[in-house]
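# Reading the structure
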Amino acid sequence: MDTDETTTVVAKLKPVKKLKPARKQVKAGDVERKETPQTGKEYNIWYNKWAGGDREDNYSNKVKSQTRCNIKKDSGLTRANTTGIRYCCLFYARGCCPYGWECDYLHTLPDPDNALPDSSKDCFARDKFSDYRDDMGGVGSFNRQNRTLYVGRIKETGPGPETEDIVTRHFKEWGEIERIRVLQYRSVAFVTYVSEFGAQFAKEAMACQSLDNDEILNVRWATEDPNPVQKVAEKRRLEEIGQEAIKARMDPRIVDAMRAVRALEDGDMLDDEGEVVEDRESGETGDPEPKRRRIELPPPQEAASEPPPQPLGLLSADTMEGLKYFAEIRKRNGVSLAVINSKTMPPRPLTSGLGVADYGSDEED
């Protein structure tokens, strides 16, 4: 390579963008804390509302969030990048962290490729529960990997595709989206992320936020999709994730040995990289042959030329053919029948009828 070409290649390489220290999203006194009006006698910390005030304390009384996270402006380095903490800051996701670079948690989006140290916690280090709340709010459950959010109270001002574009524009900021389904005229959308971490972050970032029409969104966890096609696809996806996790923890030498053993059982040929060699004539690998191959029978022409066997005694012709088939198998496998010598057998006592020993009892009655 010439010097000019080398200079051109180096010039095209973009420098790696380094994160700057995270900025403080709010200052002291910027966010006005509003207490929930008391509509009952007891406050339920599980549902975050007053007990007995279901009719008065419904979602219509929610107020719009005063802050919102901006990934481009707010993301940066914090103390967690030095201490090694992998969890994100909950207040950063809501856009109201006053600590900035002094925060003990990450001020970036969760990395879907890096698994968290504890699967019973979400990306904000909050403990999950064994089941979801009745209103599908809260942290979520550790018994099911949920990547879909229910987004309600959307103000629709156009057709379904226009609403889908609006939802995509607002929710793609929090992670890669797999699919979005909008229920037109019902003000509801279902947003499915590629990673569960993206759904966890988006649920907190878009709670009580608005899209383009100054509405207040109701963001909750979605229930399990009843579509059988999606159930099969989700099951297959989880199986692939499990296989990849097992492969990552296994010794590659053991994997190569298992492939070699399976190839020997199936009668395939492996190349230097451990891949199955394709058939040069057909160009296809073909289905693997069974481990136990059947005995090759004579061609149909030869079998047809022979006269059909006649039944002998009590055994039919099919029975005789079956006995011959098993005899051929024993002959080829080298299995010989053991001949029982009557002289080596111990003499059996002669009894006229059933004795005491035949019943295992001490009394003859």
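Residues numbered from 1 in each chain as written. Predicted model: local features only at pLDDT ≥ 70, side-chain atom pairs only at ≥ 80, totals over all residues. Heavy atoms only, no water.

The name an unreviewed UniProt entry gives the protein chain is Pre-mRNA-splicing factor CWC2, with Suillus placidus as the organism. The UniProt entry for the protein chain carries this comment under Sequence similarities (unreviewed entry): "Belongs to the RRM CWC2 family." We quote the UniProt Subcellular location (unreviewed entry) comment for the protein chain here in full: "Nucleus". (UniProt positions renumbered as here; feature names shortened; annotations may be inferred.)

Turning to the nonpolar core, a few remarks are in order. In terms of nonpolar packing, the biggest core is built from 37 residues, with F171, W174 and F201 touching the most fellow members. Of all elements in the fold, only α4 (90-94), β3 (148-152), α5 (160-171), β4 (177-183), β5 (188-193), α6 (196-205) and β6 (218-221) reach the threshold of two or more residues within this core. The greatest single-element share of this core, amounting to five residues, is contributed by α6. (Core = buried A, V, L, I, M, F, W, Y, C linked by side-chain atoms within 4.5 Å. Buried < 20%, exposed > 50% of the residue type's maximum accessible area, 1.4 Å probe, protein only. Helix = DSSP H or I, 4+ residues; strand = E, 2+ residues; numbered from the N terminus.)

What follows deals with empty space enclosed by the protein. Tallying each qualifying case throughout the model produces one cavity of 30 Å³ or more. Of the voids in this model, the largest cavity is the one considered here, and its volume is about 50 Å³. Every residue lining the largest cavity is listed: I154, K155, E156, T157, G158, E162, T163, I166, L211, D212, N213 and E215. Split into classes, the residues belonging to the lining of the largest cavity amount to three nonpolar, four polar and five charged. (1 Å grid on protein atoms, 1.4 Å probe; cavity = no way out; pocket = protein on both sides within 12 Å on 5 of 7 lines; lining within 4 Å. Points joined across faces, edges and corners; volume = space filled by probe spheres on them. Nonpolar A, V, L, I, M, F, W, Y, C, P; charged D, E, K, R; others polar.)

So, on to the pattern of salt bridges. Throughout the structure, instances matching the rule amount to 14 salt bridges. For E234, the salt bridge goes to R237, with nearest N and O atoms at 2.8 Å. Of the two residues, E234 and R237 both sit in helix α7 (residues 228-249), three residues apart, roughly one turn of that helix. Overall, the relative accessible area of 23% leaves E234 in the partly exposed class. Under the relative-accessibility criterion, R237 is labelled buried at 19%. Linked through salt bridges whose partners overlap, the residues forming this network are R147, E178, R179, E234 and R237. (Salt bridge = Lys/Arg side-chain N within 4 Å of Asp/Glu carboxyl O.)

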